[in-house]
Amino acid sequence: MQHQLKPGALLDDQGVLKEAGYATRLVKTYDRSAIRGGALRIKEWDYYCIVGGDIVLALTIADNSYMSLDSVSLLNLQTGFQHTWSGMGVMTLGKRGFPATSVKGDVGVETPGYALRFENDGARRVLTARVDKFHQGKPLTARVILTDEPEDSMVIATPFPGKKTAFYYNQKINCMKAEGDVTFDGQVYPFHKEEATAVLDWGRGVWTYSNTWYWGSASGYAGGVPFGFNLGYGFGDTSAATENMLFCNGKAHKLTDVDFGIPKTADGKDDFLKPWHVKDTEGRLDLIFTPILDRASRTSVVLIESDQHQVFGRFDGKAVLDDGTVLEISRLTGFAEKVKNRW
């Protein structure tokens, strides 16, 4: 079953998700003050990933209530360079003032050593970053403008079994055009609007303590028109709807369940750098994902633990739209990840 959300409030008077399902825009109204899941359990974030040729820039501003997390990642798929810088704070408790919608609003942070800001006037998004000591004591600066937001996006409201006041309200906006540059170590890496694309992961919710998610995303072109996809599973109760969608020329095409087909080593462990076979259960998606870089990180601090593998590479294969049109996918740059969190 794939239930489509109706407009209205996201939560009821008890802080319980009023309706689970999917949409192609933010039809539900998010109100942080309506949450009843505990002040320390609220998690809000904006994550942008910009891809231009072989260069990837990822920017995050997050408020997990008991802690904040800001990060900047720079990857070069040609040379194999990758580095992620992170800054953390404690007991932010919503003080960062994240907008209640992705349609318009700004969020930013500036502290000694770095600054991140995401500005959105409703027509374009301006992302700026400065990290004084990004890697080996060298600074990084970036300014990227995102435009041409497509008509449709992936929106999902997901409950969690066992805790009525836990939920995840999420939007993924694929196929935005990106223009700007990032500068590091004396090198300027440009993003040209004709080829560079971006995705926004806009997340608001109350998560349970332990969970695992799988997420895959790519934006680019297929058959001469903008094409991308959002794929995900692994957490929450997705019986009402999955978050799996194709996007072609600004319109969404809904998929049901998918599997990433992560290969295994001889002893049964995930082998992230071998080709993955990504497919759905209805024969509408059949892709080979060829990994290039694994942006892996593992942290463990007291009761908080995170084991992340965000793998960047190329997708090849086919995708079938709602009307039966078959698109051939060739060397579409994107990522697929597996993340285990206790948070």
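What counts and how
Residue indices begin from 1 for each chain and proceed along its sequence in written order. Two thresholds apply to this predicted model, a pLDDT of at least 70 for residue-level local features and 80 or more for giving and counting side-chain atom pairs, whereas whole-chain, interface and lining totals are computed over all residues. Only hydrogens and water are set aside; all other atoms, that is, all heavy atoms of the structure, feed into the side-chain values. As used in this record, nonpolar core signifies buried Ala, Val, Leu, Ile, Met, Phe, Trp, Tyr and Cys residues forming a set joined through side-chain atoms within 4.5 Å. Note on exposure labels: buried denotes an accessible area under 20% of the residue type's maximum, exposed denotes more than 50%, and partly exposed covers the range between, all computed with a 1.4 Å probe on protein chains only. Numbered from the N terminus, helices here are DSSP runs of H or I no shorter than four residues, and strands are runs of E no shorter than two. The contact criterion used is simple: two residues touch if any of their non-hydrogen atoms lie within 4.5 Å. Pairing of aromatic side chains requires ring centres within 6.5 Å, counting the rings of Phe and Tyr and the six-membered ring of Trp. Pairs whose planes differ by under 30 degrees are stacked, by over 60 edge-to-face, and all others tilted. As a reminder, the over-ring test applies to NZ of lysine and CZ of arginine, requiring each to be within 6 Å of the ring centre and within 35 degrees of the ring normal. For this document, the term salt bridge refers to a Lys or Arg side-chain nitrogen within 4 Å of an Asp or Glu carboxyl oxygen. Each polar contact in these results corresponds to two N or O atoms within 3.5 Å; when the atoms are within protein, one needs to be able to donate a hydrogen and the other to accept it, and residues that are neighboring in sequence are counted only if both atoms are side-chain atoms. Put simply, a patch holds well-exposed residues, over 30% relative accessible area, that have no salt bridge, with like charges counted together within 9 Å and Val, Leu, Ile, Met, Phe, Trp or Tyr side chains within 5 Å. Working definition of accessibility: Shrake-Rupley area with a 1.4 Å probe, residue cover restricted to the visible protein chains. At least two bridges found by DSSP between two strands are what make those strands a pair.

**Q** Give a detailed account of the nonpolar core, specifying residues and quantitative values.
**A** Membership of the largest hydrophobic core comes to 73 residues, with the highest contact counts inside it found for Ile-50, Leu-57, Val-72, Leu-146, Phe-167, Tyr-169 and Val-182. With 9 residues, the single largest contributor to this core is strand E13 (residues 163-184). Excluding anything up to four places from it in sequence, Val-72 contacts Leu-57, Ala-58, Leu-59, His-83, Thr-84, Trp-85, Leu-116, Ala-129, Val-131, Phe-134 and Leu-140. Grouped together as the second largest cluster of nonpolar side chains are 26 residues, Tyr-214, Phe-227, Leu-246 and Trp-276 included.

**Q** Describe the environment of Lys-6, listing the residues and the values that go with them.
**A** Along the chain, the position of Lys-6 falls in the segment before strand E1 (8-9). Counting along the chain gives 39 residues from Lys-6 to Trp-45, while the straight-line C-alpha distance between them is 24 Å. Setting aside its immediate chain neighbours within four residues, Lys-6 contacts Glu-19, Val-27 and Lys-28.

**Q** Describe unusual backbone geometry, naming the residues involved and giving the relevant values.
**A** With a phi close to 75°, Ser-65 is a non-glycine residue in the positive phi region. Following the sequence through the fold, Ser-65 ends up in the loop between strand E5 (55-63) and strand E6 (67-76). Judged by relative accessible area, which is 0%, Ser-65 ranks as buried.

**Q** Tell me about the packing of aromatic side chains, residues and numbers included.
**A** Applying the stated criterion across every chain yields a total of 28 aromatic pairs. Here the aromatic rings of Phe-81 and Phe-184 are separated by 5.8 Å at their centres, their planes lie at 25°, and the arrangement is stacked. Here Phe-81, found in the loop between E6 and strand E7 (82-90), pairs with Phe-184, found in strand E13; they are 103 residues apart in sequence, far enough to count as distant. With a centroid separation of 5.2 Å and 85° between ring planes, the pair formed by Tyr-233 and Phe-260 is classed as edge-to-face. Highlighted residues: Tyr-233 in strand E17 (residues 225-233) and Phe-260 in the loop between strand E20 (258-259) and strand E21 (276-280), separated in sequence by 27 residues. Take Phe-260: its relative accessible area is 1%, and that puts it in the buried class. One aromatic cluster is present, built from ring pairs that chain together Tyr-214, Phe-229, Tyr-233, Phe-260, Phe-272, Trp-276, Phe-289 and Phe-315. We note Lys-43 situated over the ring of Trp-343; from NZ or CZ to the ring centre the distance is 4.3 Å.

**Q** Now, about the pattern of salt bridges: what can you tell me, with residues and values included?
**A** A complete count under the given rule lists 23 salt bridges for this structure. In this structure, Lys-251 and Glu-151 form a salt bridge, with 3.5 Å as the shortest nitrogen-oxygen distance. Of this pair, Lys-251 sits in strand E19 (residues 251-254) while Glu-151 sits in the loop between strand E11 (138-147) and strand E12 (154-160); the two residues are 100 residues apart in sequence, bridging distant segments of the chain. Here Glu-151 falls in the exposed class, since its relative accessible area comes to 52%. Note that Arg-342 and Glu-305 form a salt bridge whose closest N and O atoms lie 2.8 Å from each other. Residue Arg-342 is found in strand E24 (residues 326-342), and its partner Glu-305 is found in strand E23 (residues 304-320); the two are separated by 37 residues along the sequence. Look at Arg-342 and you get partly exposed, because its relative accessible area is 31%. Using a relative accessible area of 17% as the deciding quantity, one classes Glu-305 as buried. Three or more residues are tied together by salt bridges with common partners; here these are Arg-25, Glu-151, Asp-152 and Lys-251.

**Q** Break down the side chain of His-253 for me, with residues and values.
**A** Its location among the elements puts His-253 in strand E19. Within the structure, His-253 has its side chain in polar contact with the backbone nitrogen of Asp-322 (distance 3.1 Å).

**Q** Would you mind going over a nonpolar patch on the surface in detail, with residue names and values included?
**A** Together, Leu-40, Val-90, Met-91 and Leu-93 line one region of the surface with nonpolar side chains, adding up to about 360 Å² of accessible area. Examined against the element boundaries, Leu-93 turns out to sit in the loop between E7 and strand E8 (107-111). Leu-93 sits in the partly exposed class, given a relative accessible area of 34%.

**Q** I'd like a description of the pairing of strand E10 (residues 125-135), backed by residues and values.
**A** Taken residue by residue, a regular strand's side chains alternate between the two faces of the sheet. Pairing of strand E9 (residues 114-120) with E10 involves 7 bridges; the strand directions are antiparallel. In the strand pairing of E10, Ala-115 is matched with Arg-130. Between the antiparallel neighbours E9 and E10 lie 4 residues, among them Gly-122 with a positive phi of about 95°. Note that E10 and E11 share 8 bridges and pair antiparallel. Bridge assignment links Val-131 to a residue of E11, and that residue is Leu-140. Counting the residues that bridge the hairpin from E10 to E11 gives 2 residues, and of these Gln-136 lies at a positive phi of roughly 55°.

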